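Here is how the chains run, residue by residue.
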Amino acid sequence: MNDVLLSIENLRVNYAKSSTEEDIWAVDDVSFILQPGERMGLVGESGCGKSTLGRAGMRLLPQSTRIEGKVMFQGRSVFDMTAEQLRKFRGEAVALIFQDPMTRLDPLMTIGNHCLETLKAHSPELSNKQAKEKAIATLQKVNIPPERWSQYPHEFSGGMRQRVAIALALLLSPKLIVADEPTTSLDVTVSAQILQELTRLCAEENMGLLLISHDLAMVAEYCDRIGVMYQGKMVETGLSKEVFQNPQHEYTRSLLQAALHIQTFSDSENADTVYSEVSTSLNENSSNVTPLLAIKELKQHYTIEPNFIERIFKGQGQTIKAVDGINLELYSREILGLVGESGCGKSTLSRTILQLIRPTDGKVEFLGKELTGLSRQQVRSERRQMQMIFQDPHACLNPTMTVGQNISDPLIIHNLADTGTAKEQVLWMLDKVGLNPSEMYYQRYPSDLSGGQQQRVAIARALITRPKLVICDEPVSMLDASVQSQVLDLMLELKEEFELTYLFITHDLWLARFLCDRIAVMNDGKIVELGATQEIFSNPQHPYTKTLLAAAPLLARA
């Protein structure tokens, strides 16, 4: 038993606040062990208890939480540790990487100060120079360049913030890393680099890894063992290869089926049904088709303001070309995928299209109207026809408003309905996105819903104004495989019914292949390759596209 790194025995966790909830266990009688140097993946749908299990093992749950069972780390009981022992345990012995990096990052501190604070708290013997050198080396492992040292979290993309959070976890060389969806917002190349680095550390430093994820292909590729959780219980464990090749539990089989539905879709005999009639006609006679959206030489440049010392020695600040001279056309009723690494400018491009941020240069034409010269009020009026589905539904759902109020809000803003007639439209839309009975969901709050249900509400909110164009910014990246498949199928159904056009932003190439008619590959603010989906996958031309495809984990070959 002394060789065991982490041992969890009969763990039960209950968040009950009243006696009527006592029998509802978020984690229910879970046991497993993790050896030094071993990599274990934990998979399951949202709400099954994966994250609760990880936090329980580090004593990060609220004090009111009822916990039973044992958690032993190298033979010591975690539940018996003093406050000082816990402080050293978290960080030096075990590090946790959260799914949302902003739960780890202070918006008032620079990235450099985050690193220095962590190192100084646990290694006070280090000089400032030594601490900075170690921090910069660790940041470079996750592709954060030294010149970003003095920037704040809000100046980074979501994916780059996650890289910083991962670097902070690696700073103290812990014996165990609990990674809770660590690469959800990262592109395949950076995700592969980070997981390869974690795999190397596990081997060289004898470090353990508990990888909590909904990405089955990633778990299959990087983990020795897998545990499948369902409704708080561990329903199946075993070697990853054996579990994926011969799943025993019905729920495991359903997860695999959902993931393979997406990854093998374009190889099926029905793959051509994804391609819209309009997209097909483009190949025959593109000169006669007017684009719904036309982007011409669009640029979005930012200047990093130098500090006092940098101003003396380097002069002007550094210019970041987030969007750098992009030309792109999007046609009615097609789905155009925009793929590329985190920080390449995908989300900046989408926000510039919507005029949420004004471009440095270039034009955006929508339905024949040039948007960059319009007033703020005129742009707001045009947005009725252009809506956005965000990666995190919390970005568009007000937690103090009911689901019904959240969805009806755009109708009121654009004077499309009054309070009375809006409810009828909202109930109809809730039915369309599969939230039945609609009257019950109408009265609920976002916090009462699962992640998949919240994303369905976000889709309903985006479609309630009957837009022509919907920009989808990583809309399913935070969902597990089964819910992800359901939401994607829903988006395809709604596209046909409402005659929608999608700009689908993603770092998941298999999602892009499943859903999109054409794909644009973006790198360093530029479109480096554009073409039909099948052509991009079967015959990529640009070296960066080839790198993306090579890095994408494929469940079928795992």
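Everything that follows concerns the structure shown earlier in this document.
The shown structure was predicted, so the numbers you read here are calculated from the model rather than taken from an experiment.

Q: Break down the overall build of the protein for me, citing the residues and quoting the values.
A: Across its full length, the protein holds 21 helices and 20 strands. Counting over 558 residues, the protein shows a buried share of 54%. Counting contacts in the protein only where the partners sit at least 6 residues apart, residues at least 24 apart contribute 70% of the total. Accessible surface, the protein as shown: approximately 25000 Å² in total, 47% of it carbon and sulfur.

Q: Explain the packing of helix H14 (residues 403-413) against helix H15 (residues 419-432) to me, using residue names and the numbers behind them.
A: Contact geometry of H14 with H15 gives a least axis separation of 9 Å together with a crossing angle of 115°. Taken as a pair, H14 and H15 cross one another with a handedness that is right-handed. Of the residues in H15, those touching H14 at Val403, Gly404, Ile407, Ser408, Leu411 and Ile412 are Thr419, Ala422, Gln425, Val426 and Leu430. Residues belonging to the contact of H14 with H15 are distributed by class as follows: 7 nonpolar, 4 polar and no charged.

Q: Quick rundown of the sheet that holds strand S5 (residues 76-77)? Include the residues and the values.
A: The pairing of strands in a sheet comes from backbone hydrogen bonds and takes either a parallel or an antiparallel form. Pairing is antiparallel in the open sheet, where 4 strands are placed in the order S2-S1-S4-S5. A strand with exactly one partner marks an edge of an open sheet, and here the two such strands are strand S2 (27-34) and S5. Across 5 bridges, the pairing between strand S1 (residues 6-14) and S2 is antiparallel. Bridged to Ser7 within S2 is Ile33.

Q: Before we move on, could you go through the environment of Gln35 and cite the residues and values that matter?
A: The residue Gln35 is located in the loop between S2 and strand S3 (39-43) in this model. Under the relative-accessibility criterion, Gln35 is labelled partly exposed at 30%. Considering only alpha carbons, one finds Gln35 and Gln74, 39 residues apart in sequence, at a separation of 9.6 Å. What Gln35 contacts, discounting residues up to four positions off in sequence, is Asp3, Val4 and Leu5.

Q: Tell me what's going on with the environment of Glu497, and back it up with residues and numbers.
A: Inspection of the secondary structure puts Glu497 in helix H18 (residues 481-498). With relative accessibility at 42%, the residue Glu497 sits in the partly exposed group. Separated by 65 residues in sequence, Glu497 and Lys432 place their C-alpha atoms 10.0 Å apart. Discounting residues that sit within four places of it in the chain, Glu497 has contacts with Trp428 and Lys432.

Q: Quick rundown of the sheet that holds strand S8 (residues 208-212)? Include the residues and the values.
A: Spatially, 6 strands are ordered S6-S7-S8-S3-S9-S10 in an open sheet, and the strand pairing comes out mixed. Two strands in the sheet have a free side with no partner beyond their single neighbour: strand S6 (94-97) and strand S10 (233-239). Ignoring strand direction, the axes of neighbouring strands in this sheet form an average angle of 15°. Both strand S7 (residues 176-180) and S8 contribute to a ladder of 5 bridges, which runs parallel. In the strand pairing of S8, Ala179 is matched with Leu211.

Q: An account of helix H4 (residues 128-141) is requested, with residue identities and associated values reported.
A: It helps to recall that an α-helix has 3.6 residues per turn; residues three or four apart then point in one direction. The end-to-end C-alpha separation of H4 is 20 Å, in line with the 20 Å expected for 14 residues at 1.5 Å each. Residues of H4 that are buried include every one of Ala131, Ala135, Ile136, Thr138 and Leu139, and no others. When H4 is viewed along its axis, its buried side chains cluster within an angular range of 165° and face the same direction. On its buried side, H4 packs onto helix H3 (111-122) and helix H5 (158-170). Positive backbone phi, at 65°, marks Asn143, one or two positions downstream of H4.

Q: Provide a residue-level description of unusual backbone geometry, including the pertinent values.
A: Cis peptide bonds are those with omega within 30 degrees of zero, and the linkage from Asn436 to Pro437 qualifies with -5°. Within the element layout of this structure, Pro437 appears in the loop between H15 and helix H16 (438-443). In this model, Arg466 sits at a positive phi of 55°, which is unusual for a non-glycine residue. Examined against the element boundaries, Arg466 turns out to sit in the loop between helix H17 (451-463) and strand S17 (469-473).

Q: Go over the environment of Arg383, please, and point to the residues and values.
A: Of note, Arg383 is situated in the loop between helix H13 (376-382) and strand S16 (386-389). Residue classification places Arg383 among the partly exposed residues on the basis of a relative accessible area of 22%. Considering only alpha carbons, one finds Arg383 and His414, 31 residues apart in sequence, at a separation of 9.2 Å. With residues near it in sequence (within four places) discarded, Arg383 still touches Leu354, Gln355, Leu356 and His414.

Q: With reference to specific residues and values, describe the nonpolar core.
A: By size, the foremost hydrophobic cluster in this structure holds 112 residues, and its most contacted members are Ile177, Ile459, Leu494 and Phe504. For Ile177, the residues in contact, after removing those within four places along its chain, are Ala95, Ile97, Leu170, Leu198, Met207, Gly208, Leu209 and Leu210. In terms of nonpolar packing, the next biggest core, distinct from the first, is built from 31 residues, Leu11, Cys48, Ala93 and Leu96 among them.

Q: I'd like a rundown of helix H21 (residues 543-551), residues and numbers included.
A: Buried within H21 are the following residues: Tyr544, Thr545, Leu548, Leu549 and Ala551. On its buried side, H21 packs onto helix H6 (188-205), strand S13 (335-339), helix H19 (509-515), strand S19 (518-523), strand S20 (526-532) and helix H20 (533-538).

Q: Could you give an account of the packing of aromatic side chains, with specific residues and numbers?
A: Scanning the entire structure with this criterion turns up 4 aromatic pairs. With centroids separated by 5.3 Å and ring planes inclined at 75°, the aromatic side chains of Phe73 and Phe89 adopt a geometry described as edge-to-face. Linking Phe73 in strand S4 (residues 66-73) with Phe89 in helix H2 (residues 83-93), this pair joins segments that are 16 residues apart in sequence. A residue is classified by how much of its surface remains accessible, and Phe73, at 4% relative accessible area, is buried. On the basis of relative accessibility, which here comes to 5%, the residue Phe89 falls in the buried class.

Q: Could you give an account of the packing of H17 against H18, with specific residues and numbers?
A: In contact at an axis separation of 10 Å, H17 and H18 are set at 15° when each is read in the N-to-C sense. Judged by the inter-axis angle, H17 sits roughly parallel to H18. As for how H17 packs across H18, the hand of that crossing is right-handed. Facing Gly452, Arg456, Ile459 and Leu463 of H17, the residues of H18 in contact are Val483, Gln486, Val487, Leu490, Met491, Leu494 and Phe498.

Q: Any chance you could break down the pairing of strand S9 (residues 225-230) for me, citing the residues and the numbers?
A: The buried count for S9 comes to 5 of 6 residues, which makes it a mostly enclosed element. Alignment of S3 against S9, held across 4 bridges, turns out to be parallel. Considered in S9, the bridge of Val43 is made with Val228. Strand direction decides the pairing type here: S9 and S10, joined by 6 bridges, are antiparallel. By the bridge assignment, Gly227 is partnered in S10 with Thr237.

How each quantity is defined
Residues numbered from 1 in each chain as written. Predicted model: local features only at pLDDT ≥ 70, side-chain atom pairs only at ≥ 80, totals over all residues. Heavy atoms only, no water. Helix = DSSP H or I, 4+ residues; strand = E, 2+ residues; numbered from the N terminus. Buried < 20%, exposed > 50% of the residue type's maximum accessible area, 1.4 Å probe, protein only. Contact = heavy atoms within 4.5 Å. Areas by Shrake-Rupley, 256 points an atom, 1.4 Å probe, with all protein chains shown as cover. Axes fitted to C-alpha atoms, helices over the stretch in contact; angles between N-to-C directions. Left-handed = near helix turned anticlockwise from the far one by under 90°. Nonpolar A, V, L, I, M, F, W, Y, C, P; charged D, E, K, R; others polar. Pairing = 2+ DSSP bridges. Expected span 1.5 Å × (residues − 1). Arc of directions from axis to C-beta. Core = buried A, V, L, I, M, F, W, Y, C linked by side-chain atoms within 4.5 Å. Phe/Tyr/Trp six-rings, centres within 6.5 Å; stacked < 30°, edge-to-face > 60°. Parallel < 35°, antiparallel > 145°, perpendicular 65-115°, else oblique.

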